[in-house]
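Now for the letters of each chain:
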Amino acid sequence: MDTDLPPEPLTQPPSGTADEAQQEVLVPQARTPAAADQAPDGASPRGGTHRTGVLAHLRRVREILGRTIDRAEERRQADRAAHLAYHQEGGASQGAQDIGQDIGAEQPNQVGPASTTDSDQALAAHPPATAPRKPAYPQAIAVPATDNVTTRTVLASLPRWLVRGGLGAWLLLGVIIIVSLMVFVTARVVPVFVGLFIALVLTSILQPLVSLFVRVMPRYPATFLALLTALASLVGLVAYVVTSVTGQWDSLAAQFSDGLDTIVDFVETGPLPLHVTQQQLTEQFQEWVSQGQDYLQNNAPSLASEVLSNASGLVDFFAVMALAVFSTIFFLASGEKMWRWFLNELPAHLRESVHRAAGAGWYTFAGYARGTVIVALTDAIMAGIFLQLVGIPLAAPLAVLVFIGAFIPLIGAPVAMVIAMVVALASQGPLTMVVVGLGVAGIGQIEGHILQPLIMGRQVSLHPVVVIIAVAVGTYSAGLLGAIVAVPVISVAWSVYSELHVRDAPVLGELPAYTATRRE
């Protein structure tokens, strides 16, 4: 039933409010030119205005950059929410019907206990006159309750902290056992693990390209076209580097010769406390050459056996790459079907949580891989342009070295910077070496403060302490491979935990200081 409600009275602002607000707005504009030109402490009015304008521009640029990062983060969160959405096709009834059809197809002669036929209904309506048969199983005998102490009673009699500590210790022991088994199995099949890791990286990088090609062609041709595009790009990059090196070889030899003479003169007559003459350097170099020749002559049989054993390592390398390419093709072409099959093999009550956890892990891993590639490519382009402007030879190979170093956290960038500085010292001198070092360090700052927040987002960012510990553990346990794999593995594990963990309310405000008080 519709009812006519009386119109709400319009609230009028108190008298004078609008005028006062207008006067307050107009007060800053009513300043006289003399007051605007005044500056505190005798400072120059124009200089102060100029500095204020520069600071305002810097603040405005910082606000624009922050808003850009926030918008990119919102888009990433929306994509992540869409990626993690779990949809059950056809609803529960359709799924149950499909499951029933599958069971009926697999077991055509089996009749469920709840099924009712016409003959059963007839028997229920007209029961036979014979005496009822005895049940096949004896009736359950009621067992009286005993006075034995149950487990719940035992746990209730123990202190609460002891129960929690014991359960936590058992859970921690189980986690340690599972992680140890995973590490043990992975150590036994390291080449397989490396091949699958490379396949996942290639899949995450090429997936947007395959999605683009799928719009105009079937999925398998789109997969092969994406792989060929990536291979052509890699071959073109290698050809460019080789061409740049061979084209500058004569000039590079002369520059390095002059650079070495400059370094020798600096060490001999420079301000360093240690002075070494050119004759001493020549004698030391000849001594190293003679020691190398003696080592080769004395260990020739063992070196030959090592070379033959390393031939199997070359075969393992090609096998790993073949496994990676083969797995990448099927991950890109039918990855969704493979994952759907795996979900269907799980119990129904576990499918959604497993899908959410795996989706969160894959989203983090793919974001890390793509972001690292984009950041590394941007660093390489900026480093190549900078080295070319400074006039450093081998700018293209050094840019490729910067690109490769970006994949090794905390280690790759400093190593690439040191090598670029050495090349600058040998070709241009100490001043150019310092300029190159500052420029490469500046590129690293741009990467850490602008590129990574914009491209990779906050969902794959870890605290620097966590990154250092992860890289250290990975390096000491598995060498260079561990240093590369440690950060994405930790990021994926944290993403899965955050997706499945229900977080309590955070602690806000200033934490209270601890005061030592004695209890009487």
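Residues numbered from 1 in each chain as written. Predicted model: local features only at pLDDT ≥ 70, side-chain atom pairs only at ≥ 80, totals over all residues. Heavy atoms only, no water.

What am I meant to see in the overall build of the protein chain here?
Along the backbone of the protein chain there are 17 helices and 0 strands. The buried share among the 520 residues of the protein chain stands at 20%. Summarising the internal contacts of the protein chain: among those between residues at least 6 apart in sequence, 70% fall at separations of at least 24. With an accessible surface of roughly 38,900 Å², the protein chain has 66% of that area assigned to carbon and sulfur atoms. (Helix = DSSP H or I, 4+ residues; strand = E, 2+ residues; numbered from the N terminus. Buried < 20%, exposed > 50% of the residue type's maximum accessible area, 1.4 Å probe, protein only. Contact = heavy atoms within 4.5 Å. Areas by Shrake-Rupley, 256 points an atom, 1.4 Å probe, with all protein chains shown as cover.)

I'm lost on the packing of aromatic side chains in this one. Help?
The geometry of an aromatic ring pair is captured by two quantities: the separation of the ring centres and the angle between the planes. One pass over the full model with this rule turns up 7 aromatic pairs. Residues Phe317 and Phe318 carry aromatic rings whose centres are separated by 5.6 Å and whose planes lie at 70° to one another, so their mutual orientation is edge-to-face. Overall, the relative accessible area of 46% leaves Phe317 in the partly exposed class. Residue Phe318 is classed as exposed on the basis of its relative accessible area, which comes to 54%. In this structure an aromatic cluster arises from ring pairing among Phe193, Phe197, Trp362 and Phe365. (Phe/Tyr/Trp six-rings, centres within 6.5 Å; stacked < 30°, edge-to-face > 60°.)

Would you explain a nonpolar patch on the surface in this entry?
Judged by side-chain polarity, Leu228, Leu231, Leu234, Val235, Val238 and Val242 come together as a nonpolar surface patch covering roughly 570 Å² of accessible area. Considering the arrangement of structural elements, one finds Val235 in helix H9 (residues 219–247). (Patch = residues over 30% accessible without salt bridge, like charges linked within 9 Å, V, L, I, M, F, W, Y side chains within 5 Å. Salt bridge = Lys/Arg side-chain N within 4 Å of Asp/Glu carboxyl O.)

What is the right way to look at helix H17 (residues 464–500) in this model?
Counting along an α-helix, one turn takes 3.6 residues, and residues three or four places apart therefore face a common direction. In this model, H17 (37 residues) spans only 24 Å end to end at C-alpha, well below the 54 Å of a helix rising 1.5 Å per residue. Along H17, the sharpest kink reaches roughly 150°, centred on Ala478. (Expected span 1.5 Å × (residues − 1). Bend = angle between axes of the 7 residues up to and from the residue.)

Would you mind going over helix H8 (residues 190–213) with me for this structure?
Between the first and last C-alpha of H8 there are 34 Å, a value that for 24 residues agrees with the 34 Å anticipated at 1.5 Å per step. Remark: the principal bend of H8, roughly 45°, maps to Leu206, with a proline, Pro208, within the next four residues. Among the residues making up H8, those that are buried are Val194, Gly195, Phe197, Ala199, Thr203, Ser204, Leu206, Val210 and Phe213. Buried residues along H8 sit in contact with H9, helix H12 (300–345), helix H13 (348–390) and H17.

Honestly, the environment of Leu237 in this entry has me stumped. Any pointers?
Topologically, Leu237 is positioned in helix H9. Placed 160 residues apart in sequence, Leu237 and Pro397 show a C-alpha to C-alpha distance of 9.9 Å.

What should I look at first to understand the environment of Gly259 in this one?
Looking at the secondary structure, you find Gly259 in helix H10 (residues 249–269). Taking relative accessible area as the criterion, Gly259 reaches 4% and is therefore assigned buried. Each C-alpha atom of the pair Gly259 and Pro430 lies 9.8 Å from the other, and the pair is 171 residues apart in sequence.

Explain the pattern of salt bridges here, please?
Opposite charge on two side chains makes pairing possible when the charged atoms of those side chains draw close. For the structure shown, the criterion picks out 2 salt bridges. Between Arg340 and Glu336 there is a salt bridge, with the nearest N and O atoms lying 3.6 Å from each other. With Arg340 and Glu336 both in helix H12 and 4 residues apart, this pair spans about one turn of that helix. Here Arg356 and Glu499 are joined by a salt bridge, their closest N and O atoms 3.3 Å apart. Highlighted residues: Arg356 in helix H13 and Glu499 in helix H17, separated in sequence by 143 residues.

Would you mind showing me how to read the packing of helix H15 (residues 412–427) against helix H16 (residues 430–455) here?
When two helices pack together, their arrangement is captured by the angle between the axes and the distance separating the axes. Where H15 contacts H16, the axes come no closer than 8 Å and their chain directions differ by 155°. Judged by the angle between their axes, H15 and H16 are roughly antiparallel. Note that H15 runs across H16; the crossing there is right-handed. Of the residues in H16, those touching H15 at Met417, Ala420, Met421, Ala424 and Leu425 are Pro430, Thr432, Met433, Val436, Gly437, Val440 and Ala441. Across the contact of H15 with H16, the residue classes break down as 10 nonpolar, 2 polar and no charged. (Axes fitted to C-alpha atoms, helices over the stretch in contact; angles between N-to-C directions. Parallel < 35°, antiparallel > 145°, perpendicular 65-115°, else oblique. Left-handed = near helix turned anticlockwise from the far one by under 90°. Nonpolar A, V, L, I, M, F, W, Y, C, P; charged D, E, K, R; others polar.)

When you look at the side chain of Thr328 in this model, what are you seeing that I'm missing?
Topologically, Thr328 is positioned in helix H12. Side-chain polar atoms of Thr328 contact the backbone oxygen of Ala324, separated by 2.6 Å. Setting aside chain neighbours within four positions, we find Thr328 in contact with Ala199, Leu202, Thr203 and Leu227. (Polar contact = N/O pair within 3.5 Å; in protein donor to acceptor, adjacent residues only side chain to side chain.)

Is there a simple way to think about the side chain of Thr432 in this case?
Within the secondary structure, Thr432 sits in helix H16. Those residues within four positions of Thr432 in sequence are excluded, and the remaining contacts are Val390, Ile392 and Ala424.

It is not clear to me how the nonpolar core should be interpreted in this structure. Could you clarify?
Of all hydrophobic cores here, the largest spans 9 residues; its members are Leu387, Ile392, Ala395, Leu398, Ala420, Val423, Ala424, Val436 and Val440. If one sorts the elements of this core by residue count, H15 sits on top with 3 residues. Counting residues in hydrophobic clusters, the runner-up holds 8 residues, among them Ala222, Ala226, Ile329 and Leu332. (Core = buried A, V, L, I, M, F, W, Y, C linked by side-chain atoms within 4.5 Å.)

These results come straight from atomic positions and should not be treated as a statement about function.
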